[in-house]
Amino acid sequence: MGRLNCIMSTRATVVAAPTVLYVSRETKHRRLLFLPRAISHYCHELTAPIDADGGGNAALIQALDDCRSPRTLRSLHSRLLHRPRLLSDPAVQIKLMRALASCGDPHGARHVFDGAPHKNAVFFNVMIRSYVNHGLYGHAFRLFADMSLRHHVRPDNYTFPCVLKACAGSDHLAGGLQLHGAVTKLGLDTNIFVGNTLIALYWRCGRLSDALRVFDEMPNKDVVSWNAMIAGYAQNGLYDRAIELCEKMVALQKPKPDAGTMASILPAMSNTNQTDIHLIRKMFDEMGKKDLVSWNAMIAIYANNSMSAEAVELFSRMEMAGVEPDAVTLASVLPACGDLSALSLGKKIHEFIERKRMRPNLVLENALVDAYANCGSLKAAREVFDGMNGKDVVSWTSIVSAYGMHGHGKKAIALFEQMRKSGLKPDPVAFISILSACSHSGLLNEGKYYFKCMTECYHFVPRIEHYACMVDLLGRSGHVDEAYDFILKMPIKPNERVWGALLGACRVYSNMEIGLIAADHVFKLVPEQSGYYVLLSNIYARAGRWEDVTLVRNLMTTKGIKKLPGCSNVELWNKVHTFHMGDRSHPQSKEIYEKLDVLMRRLKELGYVTETETALHDVEEEDKEGHLLVHSEKLAIAFVLINTTPKTPIRITMNLRMCGDCHRAAKLISSIAEREIIIKDTKIFHHFEHGVCGENIAAIIAYEDRY
């Protein structure tokens, strides 16, 4: 027993003794029979060379290097506990620390660190890096201090970047400045890893001039150096500088941009111009190997710049390249599906999410609700919403917005109240959704109540979007004078959306006096936006003031302003088809126009007459009728009818408001063809079925005179 106690004591200095030695048998006698064999094996472990078992130890060490699963790591750790000789090796201890850290257990790594009797700089570097990667910056600082003061281990060129990263992550500029001084004294300031971390430290702390100085003074720069500086500009709102540096990097090709470059430039690429987008796409196309981060960044750039068709097309290319999307990819593509009414792709993504068991995931689930709602499938949106295990304010806002844009204002209000009763506090965006829902459904009193509730109950200061919703609500309800007075009393300066909402109401209710005032403000704010010129032109046209119509149109010509051409998108055969007014570019144009002729004859038999009032040009009636008959939404409806089976719903997305003539025609076509027709314009959804439209009069009065 003395030998056994000695062995157990020796082992205890390395790791805690296991509760049971090796094999437990069914009977007491058999358990005792196996104990000597266990002790013998144990003694052999303590005295044998590390590689005495042939390839077993080598395989175990390799498994530690490759381990990424906590479950697998627990098994490997258990095996190591039975090989104390191997576990006492510093190289193995370091590998175990790295494995524990990579599997999300920095405290387990610290336990191994504390048990190592002889620690060199590598031990400290691994442990500090583990803390930093898990955001435990205070622990990293304390260990760094102990490294020199208590353990007398000198930091090296790998230690300082880790501690500098901790300073950057915790915005500890003072500590970073001290470390910068220390590395300079030690001659490590020219080290590329130190330089890269210093760049990140300074830009994170808002010291971009210092970050640029470090960048410029680095004798050698790698791709991380460039990415860090680009990220610094982008994250601090200096988007032009970020793009300029990225352009310089692309031109030099030394080093070549990588996935990190794509991720670094991403914040600078929202609502940017086509030239910059083409630059990043060129950079993306020239990358040799594209990983998931690269694809995600490029798809997000398209999605963030309302280039939905390009985002969907790139997503398809990514799939063909064999790259499996993750939650980030899908969260970017789903809004694009909604914009294009690409319902089949949205369903395909939903199936992928379910198959890969990616739920629950609030970001994805909220994106699914939005995508289905924007594709016109309110039922599917509600099913996703009802199936969510947990809901945040964004979830409720999405479903309230969905019902609002589909013209179900009362249901939107009921959901909003349900959210409040659940204990969630609505945020300013949630109030935009409910105010918009009230506006689309003509719920004037309810809208006024929620605006007052927002300011008095929740003490939110109204944003410009809230004011725009209120002006739109008052205008749609026919209270044009009240809407104008509301604008005059606003505590903040009205923008073009506020004045534009008033201008639209003036067109609907033929209020030329206020309309001219609104137009004057709009043209000062956005002199190049064609839609407002068209609105003013149509106000004059309704009054028969054709000379003024001509003046407005001549002004547009002089300024080089062109009307945004109306277009309609429809998804079929996993492809988005786009139609413009009078479009004959589609391969099936002959069949489309033949079908349209048949439809128009059937409509006229039912008493349909083109509503030429919605084509307010100073031209002959037959010319007006000719324009109206070939509006893009009519062509899209005809296209779907000739290419789908009976009863298949027709879903169309437009880039402008729907005109009154197309609205009346769609109602009749839904009856003749026995189809449900769902048309999404820039404001709301129009549901046509059995010759009836589902939205209310508040939505209908806002039709735009487009052509």
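Bear in mind the structure is a predicted one, so any value in this text is a computation, not a measurement.

**Student:** Would you mind going over the nonpolar core with me for this structure?
**Tutor:** As a rule of thumb, soluble globular proteins bury nonpolar side chains together. Ile199, Ile265, Ile280, Ile349, Phe431 and Leu502 are the most contacted members of the largest nonpolar core, which totals 184 residues. Apart from residues no more than four positions distant in its own chain, Ile265 is found in contact with Ile230, Ala242, Ile243, Cys246 and Ile280. The next biggest cluster of nonpolar side chains, apart from the first, holds 33 residues, and it includes Ala636, Met658, Ala666 and Ile679.

**Student:** Help me out: how do you make sense of the UniProt feature "repeat: PPR" (unreviewed entry) in the protein in this one?
**Tutor:** Taking the UniProt record as the reference, the feature "repeat: PPR" (unreviewed entry) is found at residues 120-155, 191-221, 222-256, 291-325 and 392-426. Counted over residues 120-155, helix gives 72% and strand 0%. Its end C-alpha atoms are 10 Å apart. Regarding residues 291-325, the helix share stands at 74% and the strand share at 0%, and the terminal C-alpha atoms are separated by 10 Å.

**Student:** Any chance you could explain the environment of Pro426 here in plain terms?
**Tutor:** With respect to the helices and strands, Pro426 occurs in the loop between helix H25 (409-421) and helix H26 (428-440). On the basis of relative accessible area, Pro426 is assigned to the buried category, the value being 1%. C-alpha of Pro426 to C-alpha of Asp392: the two residues are 34 residues apart in sequence and 9.7 Å apart in space.

**Student:** Explain the pairing of strand E3 (residues 650-654) to me, please; I cannot follow it from the model alone.
**Tutor:** Remark: a regular strand shows side chains that alternate across the two faces of the sheet. In terms of burial, E3 is a largely internal element, five of the five residues being buried. Residues of E3 alternate between two faces, with Ile650, Ile652 and Met654 on one and Arg651 and Thr653 on the opposite face, all of them buried. Pairing analysis gives two bridges linking strand E1 (residues 567-572) to E3, with the strands arranged antiparallel. Bridging across to E3, Ser568 finds its partner in Met654. Of the strand pairs in this sheet, E3 and strand E4 (residues 677-680) are connected by four bridges, and their pairing is parallel. Residue pairing for E4: Arg651 is matched across the bridge by Ile678.

**Student:** Looking at this structure, how should I read the pattern of salt bridges?
**Tutor:** A side chain of one charge can pair with a side chain of the opposite charge when the charged atoms of the two come close. Counted by the stated rule, this structure contains 21 salt bridges. We note a salt bridge from Arg207 to Asp210, for which the minimum N-O separation is 2.6 Å. Overall, the relative accessible area of 32% leaves Arg207 in the partly exposed class. For Glu319, the salt bridge identified is with Lys348, shortest N-O distance 3.3 Å. Taken together, the residues span a long stretch of sequence, with Glu319 in helix H19 (residues 308-320) and Lys348 in helix H21 (residues 343-355) at a distance of 29 residues.

**Student:** Looking at this structure, I do not really get the packing of aromatic side chains. What am I missing?
**Tutor:** Each aromatic ring pair is described using two quantities: the centre-to-centre distance and the angle formed by the ring planes. Counted according to the given criterion, the structure contains 19 aromatic pairs. Their ring planes at 70 degrees and their centres at 5.9 Å tell us that Phe451 and Phe486 sit as a pair that is edge-to-face. In this pair, Phe451 sits in helix H27 (residues 444-456) while Phe486 sits in helix H29 (residues 480-488), placing the two residues 35 residues apart along the sequence. For the pair Phe451 and Phe486, one class covers both residues: buried. Following the ring pairs from residue to residue traces out a cluster consisting of Phe416, Phe431, Tyr449, Tyr450, Tyr458 and Phe460. Directly above the aromatic system of Tyr593 lies the positively charged group of Arg584, at a separation of 3.8 Å from the ring centroid.

**Student:** So what exactly am I meant to see when it comes to the pairing of E4 here?
**Tutor:** Neither face of E4 is exposed, since Ile677 and Ile679 on one face and Ile678 and Lys680 on the opposite face are all buried. Traced from E3 through helix H37 (residues 660-672) to E4, the parallel crossover comes out right-handed. By the bridge criterion, four bridges tie E4 to strand E5 (residues 685-689) in an arrangement that is antiparallel. In the sheet register, Ile678 faces E5, and the bridge partner there is His687.

**Student:** For this particular structure, what's the right way to read the layout of surface pockets?
**Tutor:** Any empty space left between atoms is shown by rolling a water-sized probe over those atoms. There is about 550 Å³ of room inside the second largest pocket. Along the walls of the second largest pocket sit 24 residues, with Pro161, Lys165, Asn196, Thr197 and Ala200 positioned nearest its centre. Top element by residues in the lining of the second largest pocket is helix H12 (residues 192-204). It accounts for six residues. A per-class count over the lining of the second largest pocket returns 13 nonpolar, seven polar and four charged.

**Student:** So what exactly am I meant to see when it comes to empty space enclosed by the protein here?
**Tutor:** If you walk through the whole model with that rule in mind, you get one cavity of 30 Å³ or more. Estimated volume of the largest cavity: approximately 40 Å³. Taken together, Ala342, Leu343, Gly346, Lys347, Leu368, Ala371, Tyr372 and Cys375 form the lining of the largest cavity. Listing elements by their share of the lining of the largest cavity, those giving two or more residues are H21 and helix H22 (362-374). Of the residues assigned to the lining of the largest cavity, the class counts are six nonpolar, one polar and one charged.

**Student:** Could you clarify how one ought to interpret helix H11 (residues 173-185) in this entry?
**Tutor:** Every α-helix winds through 3.6 residues per turn, so residues three or four apart in the chain are directed the same way. For H11, spanning 13 residues, the distance from its first C-alpha to its last is 19 Å, which sits close to the expected 18 Å at 1.5 Å a residue. On its buried side, H11 packs onto helix H9 (137-149), helix H10 (159-169), H12 and helix H13 (208-217). After H11 finishes, the residue Gly187 shows a positive phi value of roughly 75 degrees.

**Student:** Explanation requested: the confidence of the model for the protein in the structure shown.
**Tutor:** One rule of thumb: low pLDDT means the predicted coordinates there are not for detailed reading. Overall, the predicted model of the protein reaches an average pLDDT of 85, with 87% of residues at or above 70. Under a pLDDT of 50 for its full length, residues 1-54 has, in the predicted model, 38 contacts with residues more than four places off or in other chains.

**Student:** Any chance you could explain the state of the cysteines here in plain terms?
**Tutor:** Simply put, disulfide is the name for a covalent bond between the sulfur atoms of two cysteines. All told, the structure shown has zero disulfides when counted by the stated rule. Considering cysteine sulfurs only, Cys167 is the nearest to Cys205, which forms no disulfide, with 8.1 Å between them.

**Student:** Teacher, can you tell me more about the sheet that holds E4 here?
**Tutor:** The strands that make up a sheet pair up through hydrogen bonds in the backbone, lying either parallel or antiparallel. If you trace the six strands from one edge of the open sheet to the other, you get E2-E1-E3-E4-E5-E6, paired in mixed fashion. Edge strands, defined here as strands with exactly one partner in the open sheet, are strand E2 (575-580) and strand E6 (692-693). Contacts between H37 and the sheet are confined to E4, E5 and E6, with E5 contributing the most and set at about 35 degrees to the helix.

**Student:** Could you clarify how one ought to interpret unusual backbone geometry in this entry?
**Tutor:** Peptide bonds are trans in most cases, and residues, glycine excluded, mostly fall at negative phi. Backbone torsion omega between Lys254 and Pro255 reads 0 degrees, so that peptide bond is classified as cis. Inspection of the secondary structure assignment puts Pro255 in the loop between helix H15 (239-252) and helix H16 (259-265). Geometrically, the link from Arg359 to Pro360 is a cis peptide bond, its omega value of 0 degrees lying close to zero. Note on placement: Pro360 falls in the loop between H21 and H22. For Asp171, which is not a glycine, the phi torsion comes out positive at approximately 55 degrees. Note on placement: Asp171 falls in the loop between H10 and H11. A positive phi is found at Gln253, a non-glycine position, where the angle reads about 60 degrees. Residue placement: Gln253 occurs in the loop between H15 and H16. Accessibility expressed as a relative area gives 28% for Gln253, which makes it partly exposed.

**Student:** Would you explain H21 in this entry?
**Tutor:** Taking 1.5 Å per residue as the helical rise, H21 with its 13 residues ought to reach 18 Å, and the 18 Å between its terminal C-alpha atoms agrees with that figure. Along H21, the residues that are buried comprise Leu343, Leu345, Gly346, Ile349, His350, Phe352 and Ile353. At its buried positions, H21 is contacted by H19, helix H20 (327-340), H22, helix H23 (378-386), E1 and E3. Once H21 finishes, Arg357 follows within two positions and takes phi at roughly 55 degrees, a positive value.

About the cut-offs
- Residues numbered from 1 in each chain as written.
- Predicted model: local features only at pLDDT ≥ 70, side-chain atom pairs only at ≥ 80, totals over all residues.
- Heavy atoms only, no water.
- Core = buried A, V, L, I, M, F, W, Y, C linked by side-chain atoms within 4.5 Å.
- Buried < 20%, exposed > 50% of the residue type's maximum accessible area, 1.4 Å probe, protein only.
- Contact = heavy atoms within 4.5 Å.
- UniProt positions renumbered as here; feature names shortened; annotations may be inferred.
- Helix = DSSP H or I, 4+ residues; strand = E, 2+ residues; numbered from the N terminus.
- Pairing = 2+ DSSP bridges.
- Salt bridge = Lys/Arg side-chain N within 4 Å of Asp/Glu carboxyl O.
- Phe/Tyr/Trp six-rings, centres within 6.5 Å; stacked < 30°, edge-to-face > 60°.
- Lys NZ or Arg CZ within 6 Å of the ring centre and 35° of its normal.
- Right-handed = clockwise from strand over helix to strand, strands pointing away.
- 1 Å grid on protein atoms, 1.4 Å probe; cavity = no way out; pocket = protein on both sides within 12 Å on 5 of 7 lines; lining within 4 Å.
- Points joined across faces, edges and corners; volume = space filled by probe spheres on them.
- Nonpolar A, V, L, I, M, F, W, Y, C, P; charged D, E, K, R; others polar.
- Expected span 1.5 Å × (residues − 1).
- pLDDT = per-residue confidence, 0-100.
- Disulfide = S-S within 2.5 Å.
- Axes fitted to C-alpha atoms, helices over the stretch in contact; angles between N-to-C directions.

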